[in-house]
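The primary structure of each chain is shown beneath.
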Amino acid sequence: MAKIAFVSLGCAKNLVDTEQMMSALETAGHEILPDIDNTDIVVINTCGFIESAKTEAIEEILEVAKLKAEGRVGAIIVAGCLVERYREELMTELPEVDAIVGCGAFLEIGQAVDAVLAKEKKAVFGDLNAPIKGQSRMLTTPPYMAYLKVAEGCDNHCAYCVIPSLRGKYRSRTVEDVLDEAEGLAEYGVKELIVIAQDTSRYGTDLYGKRMLPELLKKLADIKGIEWIRLHYLYPDEIDDELIDTIASLPKVLHYFDIPIQHVSDHLLESMNRRGDGKYLGELFKKLRTKIPDCVIRTSIIVGLPGETKDDFVKLCDFLKKHKLERAGVFAYSAEEGTLAAEMPDQVPEELKQRRLEIVTDLQSRVMNDYNERCMGKTLRVLCEGFDRYAECWFGRTYADSPDVDGKVFFSSSQKIREGTFVDVVIEDTLDGDLVGSIVE
Ligand code: SF4
């Protein structure tokens, strides 16, 4: 039996895969360790969908390879999207790697472990389009929150994206299977469920022939112990009245909408094979604000897409100024080999891309600060996440803050607070994108 440690890169969907691999190996009798030093095997679960993610993965592999050369790590197994994308090249270009595991074979990680323990090189791949179902997991998130992956793959085929080729076609889990896992997580003490997929709003269409997210949410909301249900990755044109009204009617489902739009220029959305135009997006956000006035909207924006003109960029900035989307991940377009967009004419020069990235990032940080200013004087429910020894105060998140991507609330309290408990905090100040306040004793 081996001492094994994991490094998980990329998105929350990848983290769930890591947790399933950890559990599969522990069940097989291996010891899963939190630290990579002095282990028999390090498994690096990679991301590989854009240049910066690829660079991060390769740097991590080379870092671990240094430890291997010093005899502090026995073998390296690389898994995930970088492996799926560079099946042929990866082991030849990185001879330090002992085995690779593709996105369709996470649960066959044991084969790779057995091979490297026998000092053999191994490549394990599986069916990228195989049906998916829940697996036992070793939770790596704090015990009061967990990601709930309801589907895998994607059928949207946005022109700039390689994910469908790495993760396969869209496959939902059954409602029963998802509920089973959610009930198990609630028994374990999870209070916040973050529902994820490449496209969460499409949930169920492949299995049930219709969108099943509203029905799933009603059932998840019935689970005792779960207090917050947060949705990520909603595709704009799949957000219909039924979904909005369901979210409005279920107190546990947070008024937090993660809706990647990427851009608002009609000709760019069309050339990127994105459904919905600028007018539709504007009306969607207006409808959300009308039906759910305290809703907080997160989005992701790509500047510098092939063919983006100055007019397109001005249109994007005007749209963001008008709709004040409280949270946004802003990226400069990265031409990825194997995508339609990378072959398109009118690629935007890198310098101009970076300039536009700066402008939108500034714009969005002003929008976020305005939102924080509007929180002043309000009493907000906060999920306490711990005590900050440097700031000497407690910290946590409100419904408007998703872990790792949004802000926090720092607050004072005369009492000791257990992580994972909900408290009320009156907001008294803002600080660098975060909120500051004191507990309502
Ligand atoms: S919705 Fe588009 S950007 Fe998102 S994973 Fe699918 S193809 Fe990629």
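In short, a report on the structure.

### A short note on the site of the ligand
Taken together, Cys154, Asn156, His157, Cys158, Tyr160, Cys161, Ile163, Pro164 and Gln198 are the residues near the ligand. Here the residues of the shell around the ligand are counted per class, giving 6 nonpolar, 3 polar and no charged.

### Looking at the packing of aromatic side chains
Evaluation of the coordinates by the stated rule reveals 4 aromatic pairs. Considering the side-chain rings of Trp228 and Phe422, the 4.9 Å spacing of their centres and the 65 degrees angle between planes classify their relative orientation as edge-to-face. You can see Trp228 sitting in strand E11 (residues 228–231) and its partner Phe422 sitting in strand E18 (residues 422–431), a full 194 residues away along the chain. On the basis of relative accessible area, Trp228 is assigned to the buried category, the value being 4%. Centre to centre, the rings of Phe395 and Phe410 are 6.2 Å apart; their planes meet at 40 degrees, and the pair counts as tilted. Placement of Phe395 in strand E16 (residues 393–397) and of Phe410 in strand E17 (residues 409–412) is noted, with a sequence separation of 15 residues between them. Exposure remark for Phe395: the relative accessible area of 18% places this residue in the buried category.

### With respect to the layout of surface pockets
In this model, the second largest pocket occupies a volume close to 420 Å³. Lining the second largest pocket are 24 residues; nearest its centre among them are Cys103, Phe106, Leu107, Pro131 and Ile132. At the level of secondary structure, the elements contributing two or more residues to the lining of the second largest pocket comprise helix H1 (12–27) and helix H6 (163–167). Per-element tally for the lining of the second largest pocket: the top contributor is H1, with 3 residues. Within the lining of the second largest pocket, the residues separate by chemical class into 10 nonpolar, 4 polar and 10 charged.

### Here's the deal with the sheet that holds strand E10 (residues 192–196)
Strand order across the open sheet formed by 6 strands is E7-E10-E11-E12-E13-E14, with parallel pairing between neighbours. Lying at the two open borders of the sheet, with one neighbouring strand each, are strand E7 (145–149) and strand E14 (327–332). The average angle at which neighbouring strand axes cross in this sheet is 15 degrees, direction not considered. Judged from the 6 bridges that link them, strand E13 (residues 296–303) and E14 form a sheet pairing that is parallel. Looking at the pairing, Ile302 lines up with Phe331 of E14. Contacts from H1 reach E7 and E10 within the one sheet, and its direction differs from that of E7 by about 95 degrees.

### Some details on the environment of Asp424
Structurally, Asp424 can be placed in strand E18. Classification of Asp424 by relative accessible area gives partly exposed; the value is 38%. Along the chain, Asp424 and Val440 lie 16 residues apart, while their C-alpha atoms are 5.5 Å from each other. The contacts of Asp424, once residues within four sequence positions are left out, are Thr379, Leu380, Arg381, Ser438, Ile439 and Val440.

Conventions we followed
Residues numbered from 1 in each chain as written. Predicted model: local features only at pLDDT ≥ 70, side-chain atom pairs only at ≥ 80, totals over all residues. Heavy atoms only, no water. Near = heavy atom within 4 Å. Nonpolar A, V, L, I, M, F, W, Y, C, P; charged D, E, K, R; others polar. Phe/Tyr/Trp six-rings, centres within 6.5 Å; stacked < 30°, edge-to-face > 60°. Helix = DSSP H or I, 4+ residues; strand = E, 2+ residues; numbered from the N terminus. Buried < 20%, exposed > 50% of the residue type's maximum accessible area, 1.4 Å probe, protein only. 1 Å grid on protein atoms, 1.4 Å probe; cavity = no way out; pocket = protein on both sides within 12 Å on 5 of 7 lines; lining within 4 Å. Points joined across faces, edges and corners; volume = space filled by probe spheres on them. Pairing = 2+ DSSP bridges. Axes fitted to C-alpha atoms, helices over the stretch in contact; angles between N-to-C directions. Contact = heavy atoms within 4.5 Å.

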